Amino acid sequence: LNIHIFILLLHTSTTFMIYKITKNNWVMGMLFGIHPLCSEVLGWSSALPDALATCLSAALVLSVYKEKISLIIFFAFAAMLSKESAIICILSLMVLHKNRGTLAVTLLIYLGLRFSMIGDSSVPFDWDRAMLATKGVVWLWGSSLFPFTLTAVRDIWHAPFLEFYFGLFVPILVLGVFRNGERHEQLGALLWFFSPIIAFPVIASSHLASERYMYMGLFGMALAFFAFNRKLPLTIRSVFYPLIKEK
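Residues numbered from 1 in each chain as written. Predicted model: local features only at pLDDT ≥ 70, side-chain atom pairs only at ≥ 80, totals over all residues. Heavy atoms only, no water.

A. Layout of the packing of helix H5 (residues 69-82) against helix H7 (residues 100-117). The interhelical angle for the contact between H5 and H7, taken along N-to-C directions, is 35°, at an axis separation of 10 Å. In the crossing of H5 with H7, the sense of the turn from one axis to the other is right-handed. Listed contacts from H7 to Ile69, Ile72, Ile73, Ala76, Phe77, Met80 and Leu81 of H5 are Thr102, Leu103, Thr106, Leu107, Ile109 and Tyr110. Partitioned by chemical class, the residues of the contact of H5 with H7 number eleven nonpolar, two polar and no charged. (Axes fitted to C-alpha atoms, helices over the stretch in contact; angles between N-to-C directions. Helix = DSSP H or I, 4+ residues; strand = E, 2+ residues; numbered from the N terminus. Left-handed = near helix turned anticlockwise from the far one by under 90°. Contact = heavy atoms within 4.5 Å. Nonpolar A, V, L, I, M, F, W, Y, C, P; charged D, E, K, R; others polar.)

Given below as structure tokens:
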């Protein structure tokens, strides 16, 4: 019970930080806070690392915006130690923000310590497993937009038709935000797109696309949707600029 209360506090803290990052927009905070796909993280004690890593990543984003170097280093290390999926947030911040030097050094130190103590845990590439994992990633993308099948254990062999094709639409939305959004919206788009991909090896080996793999992606989706909240037609149309020759 105490673990579930702690996870709920982390989830609430992340929701509040999304509210602050999106310039006090409570709709974006609630989009994450009450999203049905959060059910596994809130209900399973084994998902504590996902809740902790996402909360610390949100704190890292705020620290980067405030340019607090000591807090950037602390939250970056803490997030990666919680779960390595936080690396996606750090890499995304390195692409978009000027504090990339601090983030890069922190990431390199962590990776050096990680590989010196644990070593390389990569697995041989298998084409069939890779195709199956790709299907799982697209399913998770689709679930963020259309969370119809709510189950913590998702067997990829039985991916719903509708959710899968909703997932194919997500890269289009992500590209629209990245072309037309502000920095925090672009950061959200990267997290939304790449968060389930980092679980690719796990999905490939287990044939399961758990909802927890999309938890940080939901954090990103809430940031990205702020662009749609402000200018939906322009954001969607921007995807097709190369075809329709508009500005």
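B. Highlighting the pattern of salt bridges. The final tally for this structure, using the stated rule, is five salt bridges. Here Lys83 makes a salt bridge to Asp50, at a shortest N to O gap of 2.6 Å. Pair noted here: Lys83 is in the loop between H5 and helix H6 (87-96) and Asp50 is in helix H4 (residues 48-66), with a separation of 33 residues, a long-range link. Asp50 gets classed as buried once you look at its relative accessible area, which sits at 6%. (Salt bridge = Lys/Arg side-chain N within 4 Å of Asp/Glu carboxyl O. Buried < 20%, exposed > 50% of the residue type's maximum accessible area, 1.4 Å probe, protein only.)

C. How the structure looks around the packing of aromatic side chains. This structure, assessed with the given rule, holds seven aromatic pairs. Arranged with centres 5.2 Å apart and planes meeting at 70°, the rings of Phe74 and Phe75 form a pair that is edge-to-face. Since its relative accessible area comes to 17%, Phe75 is described here as buried. Ring geometry for Trp192 versus Phe225: centroids 5.6 Å apart, planes at 65°, classification edge-to-face. Within this pair, whereas Trp192 is found in helix H10 (residues 183-194), its partner Phe225 is found in helix H12 (residues 215-237), the two being separated by 33 residues in sequence. Here Trp192 falls in the buried class, since its relative accessible area comes to 0%. Taken together through their ring pairs, the aromatic side chains of Trp141, Phe193 and Phe194 make up a single cluster. Between the NZ or CZ atom of Arg114 and the centre of the ring of Phe115, over which it lies, the distance is 5.1 Å. (Phe/Tyr/Trp six-rings, centres within 6.5 Å; stacked < 30°, edge-to-face > 60°. Lys NZ or Arg CZ within 6 Å of the ring centre and 35° of its normal.)

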